[in-house]
Amino acid sequence: MTNPRKKIILNEILFWKQNKLLPEHYCDFLATLYAEGNDIEDLEDANHKQAILPTEKRKMIFLAVSLFIGAFIVLYLLFTLPTATWILSIVVSILAIILMIIAFQSAKKNGLLSPIFHILAMLLFFGLSIKLSSTYFAGNNSILFGLIAMNCIIWFVSGIKLKRIYFTASGVIGLIALVGYYVWNLT
């Protein structure tokens, strides 16, 4: 098969057939049509795994898994390496910003991985807030509470704006827990 466009179309038809997106006889008809009736053996050269949709999906899953593992490694290093706080803080900030940008871009395309990117970015911001508070303002609980409250407010606003119930609920529950802790310690 010399025509790459035909091969792409045949790959897509095979993908549809394998995933039962169309009835098998429709796929066979379309394959015969695009193979021009006489090159039906070219179908063996086509591969449903080379279809555009599965290839893009594999790339996004690989990116998501890589970012997920990278985020947790950087977060782990942030809390275990006390000497490199500034460098790791910058790396965590950059990674969180990249995750937010990817999340917003994938949300526009109705990407299913968008919530994962949002959660990872917010988790990195939260971890960074806790680390900076415990490193530079150790013993000052009002700054720690302020940073946690700020994170909860950001989660709440993000949840409302992005229509993500888990962010809205996390923000509200976090704020209630902070107020409850504060009231409990007053008595």
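Residues numbered from 1 in each chain as written. Predicted model: local features only at pLDDT ≥ 70, side-chain atom pairs only at ≥ 80, totals over all residues. Heavy atoms only, no water.

### Description of the overall build of the chain
For the chain, the helix and strand inventory stands at seven helices and zero strands. Listing every helix and strand of the chain by position from the N terminus yields α-α-α-α-α-α-α. A buried classification covers 30% of the 187 residues belonging to the chain. Partitioning the contacts of the chain with sequence separation of at least 6, the portion at a separation of at least 24 is 58%. Carbon and sulfur atoms make up 70% of the accessible area of the chain, which amounts to about 12300 Å² in all. (Helix = DSSP H or I, 4+ residues; strand = E, 2+ residues; numbered from the N terminus. Buried < 20%, exposed > 50% of the residue type's maximum accessible area, 1.4 Å probe, protein only. Contact = heavy atoms within 4.5 Å. Areas by Shrake-Rupley, 256 points an atom, 1.4 Å probe, with all protein chains shown as cover.)

### Looking at the packing of helix 5 (residues 114–136) against helix 6 (residues 141–162)
In contact at an axis separation of 9 Å, helix 5 and helix 6 are set at 165° when each is read in the N-to-C sense. As judged from the angle between their axes, helix 5 and helix 6 are roughly antiparallel. In this structure, helix 5 meets helix 6 at a crossing whose hand is right-handed. Where helix 5 approaches helix 6, its residues His-118, Met-122, Phe-125, Phe-126, Ser-129, Ile-130 and Ser-133 are matched on the opposing element by Ile-143, Leu-144, Leu-147, Ile-148, Asn-151, Ile-154, Trp-155, Ser-158 and Leu-162. (Axes fitted to C-alpha atoms, helices over the stretch in contact; angles between N-to-C directions. Parallel < 35°, antiparallel > 145°, perpendicular 65-115°, else oblique. Left-handed = near helix turned anticlockwise from the far one by under 90°.)

### Quick look at unusual backbone geometry
Positive phi values are uncommon outside glycine, yet Lys-163 reaches one of about 60°. Inspection of the secondary structure puts Lys-163 in the loop between helix 6 and helix 7 (165–186).

### Quick word on helix 4 (residues 85–108)
Compared with an ideal rise of 1.5 Å per residue, which puts 24 residues at 34 Å, helix 4 spans 34 Å between its outermost C-alpha atoms and is within 8% of the ideal. Of all the positions in helix 4, only Thr-85, Leu-88, Ser-89, Val-92, Leu-95, Ala-96, Leu-99, Met-100, Ile-102, Ala-103 and Ser-106 are classed as buried. (Expected span 1.5 Å × (residues − 1).)

### What to know about the packing of aromatic side chains
Applying the stated criterion across every chain, the model contains five aromatic pairs. Ring centres of Phe-126 and Trp-155 lie 5.6 Å apart, and the angle between their planes is 50°; this geometry places the pair in the tilted category. Note that Phe-126 is positioned in helix 5 and Trp-155 in helix 6, a separation of 29 residues in sequence. Ring geometry for Phe-145 and Tyr-181: centres 5.5 Å apart, planes at 70°, overall edge-to-face. One end of the pair, Phe-145, is in helix 6; the other, Tyr-181, is in helix 7, with 36 residues separating them in the sequence. (Phe/Tyr/Trp six-rings, centres within 6.5 Å; stacked < 30°, edge-to-face > 60°.)

### Notes on the nonpolar core
Counting residues in hydrophobic clusters, the biggest one holds 27 residues, and the most contacted among them are Leu-67, Leu-78, Val-92, Leu-95, Leu-99, Phe-117 and Leu-124. Among the elements of the structure, helix 3 (52–80), helix 4, helix 5, helix 6 and helix 7 are those that each provide at least two residues to this core. By residue number, the principal contributor to this core is helix 4, which donates eight residues. (Core = buried A, V, L, I, M, F, W, Y, C linked by side-chain atoms within 4.5 Å.)

### Quick look at the environment of Ile-94
One can find Ile-94 in helix 4. For Ile-94, a relative accessible area of 47% corresponds to the partly exposed category. Along the backbone, Ile-94 and Ala-121 are 27 residues apart, and their C-alpha atoms lie at a distance of 9.9 Å.

### Some thoughts on the side chain of Ser-89
Looking at where Ser-89 falls in the secondary structure, it is placed in helix 4. Not counting residues up to four positions away in its chain, the partners in contact with Ser-89 are Leu-78, Leu-128 and Leu-132.

### Focus: a nonpolar patch on the surface
A cluster of nonpolar side chains, Ile-61, Val-65, Phe-68, Ile-69, Phe-72, Ile-73, Ile-116 and Leu-123, forms an exposed patch at the surface whose accessible area comes to about 660 Å². Elements that contribute at least two residues to the nonpolar patch include exactly helix 3 and helix 5. When residues in the nonpolar patch are grouped by element, the largest group, six residues, is from helix 3. Position of Ile-61 relative to the elements: it lies in helix 3. (Patch = residues over 30% accessible without salt bridge, like charges linked within 9 Å, V, L, I, M, F, W, Y side chains within 5 Å. Salt bridge = Lys/Arg side-chain N within 4 Å of Asp/Glu carboxyl O.)

### So, the side chain of Ser-158
Mapped onto the fold, Ser-158 is located in helix 6. Polar side-chain contacts of Ser-158 include one of 2.8 Å to the backbone oxygen of Ile-154. If near-sequence neighbours (up to four positions away) are discounted, Ser-158 is found in contact with Met-122, Lys-163 and Phe-167. (Polar contact = N/O pair within 3.5 Å; in protein donor to acceptor, adjacent residues only side chain to side chain.)

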